[in-house]
Amino acid sequence: MADATPPLGTGPLAKREARLAWGLLTPTIAAVALVVILPLLAIFWISVKPVSLADLRAPEVVLREDLRGSPEAAGDEATLRYRLRNSSQEQPILGVRFDDLVPDGLEIVDLDARCSLQDQALSCDLGDWEAGYRETLTIPVIVTQAYLDNAIRPQDSPPRVEGRSSSVLTDGTFTLNNFARIFQADEFLEVLWVTLFYTVFGTIGALLVGLFAALLLNKAFRGQGILRGLYLFPYVAPVIAVAFAWLILFDPFSGSANALLVQMGVTREAINFFGERPLALIMVTVFEIWRYFPLSFLFILARMQSIDGDMYEAADMDGASPFQQFWYLSLPQLLGILSVLFLLRFIWTFNKFDDIFLLTGGNAGTRTLTVSVYEQAFAISNIGAGAAVAVVIFGCLLTFSIFFLKYISREEGL
C-alpha cells in the first residue's frame, strides 16, 4: 500500500509555518534593504554618472525681491525689483515663472510684456533659462498713502517660483570615465598595494597579538581581571584620543619616543615616524594592530577557556611540552574562531578610514582606497569618481569573501 503521507515540508501545516516565518522576517528584510541594499545600489548608480559635488543640489531659481527708492510721501516713485538667477552653471531650467502678491498701495506704472496683473496678483512667465542665466526685472510703481499706512512690504510675501530642470543624478547620462580615471591613474597600483599591505599585516598582526595575550591570561593569577580590563583600553578608547596620543608620542620635535631614542644613542637625529616613507605605513599598521588586538583577544580567550582541561592533563602525563600542547591541542580548537576573526578583521581593516586619516591624512605613502574615496568625492569634488572607488572596494571585498568562504573555510571544516 502506497504511503499517502506528503513529503516533509510540503503539507498544509509546513506551508503555514513557512508563511509565518517569512512574515516574521519581512521587517528584518525591509530594514536590511533600506540600510544596506539601497545605499549600495545608489553608490553603483552614482559611479557611472558624471556627477560632481555641486550637482547633488538640483538647479533652482534664486529670486530676491526689494523696493528700490526711498518713498516718504504719497505720489513718490519707486521701483519694484526682482533679481533672478539660475543656481546651476551647467544645467538649464525650463518653464520659469513666478507669482507674487504686490502690497496694497503700490500702483504699477509700466508692466513687463511677460507679466500680467490681476488685482494685486502679479504673474510673470520668463520662459526657458540656460545655465548660469541672470536677470533683473524692474517694475516702476507709484506709492500711495495706503502703502505708507500699512506695514506690509514686498519682502514680507515671498514669491512662488516654478521651473523644471533635469538632474544629472536622475537623467539618462552615463559614463565609464570615472572607472577609467581610477584605473588609468599612475598611483592606483600603489594605492592598492598600500591597502593590501595595511589590511593583511594589520589583520594578521592583530590576530597574533590577540592570541599571545589570550595565552598569557588563560591561567588564573592575582590581578587577572584588572589586566584584562587594561588590555581592552586600546579598543574602547576614542579613536581621536589615542590617535593624537600616538602623534604626540612620536612627534619628531617634542615626542618622548624620539627623545628616548636619541638619549640611548639609537639615532642621532629625530625620526619623523608619520612623515617618511615607508616608516609611516609601518606605523599606521602597528597602530592598527595595537588598537584592534583586544577584539581578537576576547574571542580567542573565550574559546580557549571552553576547551576541556583533561586533554592538557593527559598531554602533561605523556610528557608533551607547552609548545606541543599549544600546537596539537589548542590550535586545532582555535582554527574556527581564528578563521571568523580573520574574515571580519580583514573586511573591517580594508574599510578602515578614520585611523589613517587622523594619523597621516593619507600622506607619506599611506593613501588607501578608502582615503581615495574621500579625496575624490570631497577634496576634488568628484562624487562619481569617489563612488567608483567605493565600487572597487566592494568588488575586492566580495571577491575575497567568496574565495575565503568557498576554499579556506571548507578546508578548516567551517
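Scroll up for the structure.
Calculation criteria
- Chains are numbered independently. Their residues run from 1 in the order of the written sequence.
- Only residues with pLDDT of at least 70 are given local features in this predicted model, and only at 80 or more are side-chain atom pairs given and counted; all residues enter the totals for whole chains, interfaces and linings.
- Computation of side-chain values: all heavy atoms of the structure, hydrogens and water removed.
- Whether two strands pair depends on DSSP finding at least two bridges between them.
- Strands here mean DSSP runs of E at least two residues long; helices mean DSSP runs of H or I at least four residues long; both are numbered from the N terminus.
- Lines fitted to C-alpha atoms define the axes, with helix axes restricted to the stretch in contact, and inter-axis angles between N-to-C directions lie between 0 and 180 degrees.
- Stacked, tilted and edge-to-face are the three classes applied to pairs of Phe, Tyr and Trp rings, where Trp contributes its six-membered ring and a pair requires centres within 6.5 Å; stacked means planes under 30 degrees apart, edge-to-face means over 60, and tilted covers the rest.
- Summary of the burial criterion: residues with accessible area below 20% of their type's maximum are buried, those above 50% are exposed, and those between are partly exposed, where the area comes from a 1.4 Å probe applied to protein chains only.
- Placement of a positive charge over a ring is assigned whenever Lys NZ or Arg CZ falls within 6 Å of the ring centre and within 35 degrees of the normal to the ring plane.
- When two cysteine sulfur atoms lie within 2.5 Å, the pair is treated as a disulfide.
- Just so you know how the angles are binned, under 35 degrees is roughly parallel, over 145 roughly antiparallel, 65 to 115 roughly perpendicular, and the rest oblique.
- Two helices crossing with the near one rotated counterclockwise from the far one by less than a right angle form a left-handed crossing, whereas a clockwise rotation gives a right-handed crossing.
- Contact between two residues is taken to exist if any of their heavy atoms lie within 4.5 Å; hydrogens are not considered.
- Two distance rules govern patches: like charges are joined within 9 Å, and nonpolar side chains (Val, Leu, Ile, Met, Phe, Trp, Tyr) within 5 Å, applied only to residues with over 30% relative accessible area and no salt bridge.
- The accessible surface values rely on the Shrake-Rupley method and a 1.4 Å probe; as for residues, cover is taken only from the protein chains in view.
- For this document, the term salt bridge refers to a Lys or Arg side-chain nitrogen within 4 Å of an Asp or Glu carboxyl oxygen.
- The convention is simple: Lys and Arg are positive, Asp and Glu are negative, and His and the chain ends are not counted.
- A charge is said to be at NZ when it belongs to Lys, at CZ for Arg, at CG for Asp and at CD for Glu.

Let's talk about the pairing of strand β5 (residues 115-118)
Bridging between β5 and strand β6 (residues 121-129) involves four bridges; their strand directions are antiparallel. Note that in β6 the partner of C115 across the bridge is C124. A loop of two residues connects β5 with β6, the two strands running antiparallel in sequence, and D119 in this loop sits at a positive phi of about 60 degrees.

Topic: the sheet that holds strand β3 (residues 93-101)
Taken in spatial order, the four strands line up as β5-β6-β3-β8 in an open sheet, and their pairing is antiparallel. Two strands lie at the open edges of the sheet, namely β5 and β8 (160-164), each paired on one side alone. Averaged over all pairs of adjacent strands, the angle between their axes in this sheet comes to 15 degrees, without regard to strand direction.

Description of the packing of aromatic side chains
Counted by the stated rule, this structure contains 27 aromatic pairs. The interplanar angle of 80 degrees and the centroid separation of 6.3 Å between the aromatic rings of F250 and F274 together place this pair among those described as edge-to-face. One end of the pair, F250, is in the loop between α7 (239-249) and α8 (256-263); the other, F274, is in the loop between α8 and α9 (279-305), and 24 residues separate them in sequence. Residue classification places F250 among the buried residues on the basis of a relative accessible area of 16%. Taking the centre distance of 3.8 Å and the plane angle of 20 degrees together, the rings of F346 and F400 count as stacked. A residue pair is termed long-range when its members are at least 10 positions apart, and F346 in helix α11 (residues 322-350) and F400 in helix α14 (residues 383-411) qualify at 54 residues. The same class applies to F346 as to F400, namely buried. Over the face of the ring belonging to Y147 we find R153, whose NZ or CZ atom lies 4.3 Å from the ring centre.

Re unusual backbone geometry
Here the bond from R277 into P278 is cis, since omega is -10 degrees, no more than 30 degrees from zero. With respect to the secondary-structure elements, P278 resides in the loop between α8 and α9. With a phi angle near 55 degrees, A364 is a residue other than glycine that sits in the positive phi range. For A364, the position within the fold is in the loop between α12 (354-359) and α13 (369-379). Non-glycine residue S381 carries a positive phi angle of around 65 degrees.

Points about the sheet that holds strand β4 (residues 106-108)
Read across the sheet, four strands follow the order β1-β2-β7-β4 without closing on themselves; strand pairing throughout is antiparallel. Of all strands in the sheet, those with a lone pairing partner are β1 (61-68) and β4, marking the two edges. The mean angle between the axes of side-by-side strands here comes to 30 degrees, regardless of whether they run parallel or antiparallel. Across eight bridges, the pairing between β1 and strand β2 (residues 77-86) is antiparallel. If you follow R68 over to β2, its bridge partner there is T79.

Concerning the state of the cysteines
Per the counting criterion, the structure on display carries one disulfide. Shown here is the disulfide that connects C115 with C124, its sulfur atoms set 2.0 Å apart. Across the S-S bond of C115 and C124 the torsion is about 110 degrees, and the bridge reads as right-handed. For the pair C115 and C124, a shared accessibility class is recorded, and that class is buried.

What to know about the packing of α9 against α11
The N-to-C vectors of α9 and α11 enclose an angle of 155 degrees; their axes lie 10 Å apart at closest approach. Of the possible angle classes, the one that applies to α9 and α11 is roughly antiparallel. When you trace α9 past α11, the crossing you get is right-handed. Listed contacts from α11 to E288, Y292, L295, S296, F299, I300, R303 and M304 of α9 are Q333, L334, I337, L338, L341, R345, W348 and T349.

Quick look at a negative patch on the surface
A surface patch of negative charge is lined by D308, D310, E313 and D316. Tracing the chain through its elements places D316 in helix α10 (residues 310-317).

Some words on a nonpolar patch on the surface
Taken together, the side chains of V32, L34, V35, V36, I37, L38 and L41 define a hydrophobic patch exposed on the protein surface, amounting to about 650 Å² of accessible area. Residue position: L41 is located in helix α1 (residues 12-47).

Quick word on the side chain of S47
Note that S47 resides in helix α1. Beyond its immediate chain neighbours, meaning those up to four positions away, S47 contacts T175, N178, F179, G384, A387, A388 and V391.

Some details on the pattern of salt bridges
Under the criterion given, the structure shown has 13 salt bridges. Between R97 and E162 there is a salt bridge; the shortest N-O distance is 3.9 Å. On the criterion of sequence distance, the pair formed by R97 in strand β3 and E162 in strand β8 is long-range, its members being 65 residues apart. Among the residues examined, R97 registers a relative accessible area of 26% and is labelled partly exposed. R114 is paired through a salt bridge with E135; the nearest N and O atoms lie 2.3 Å apart.

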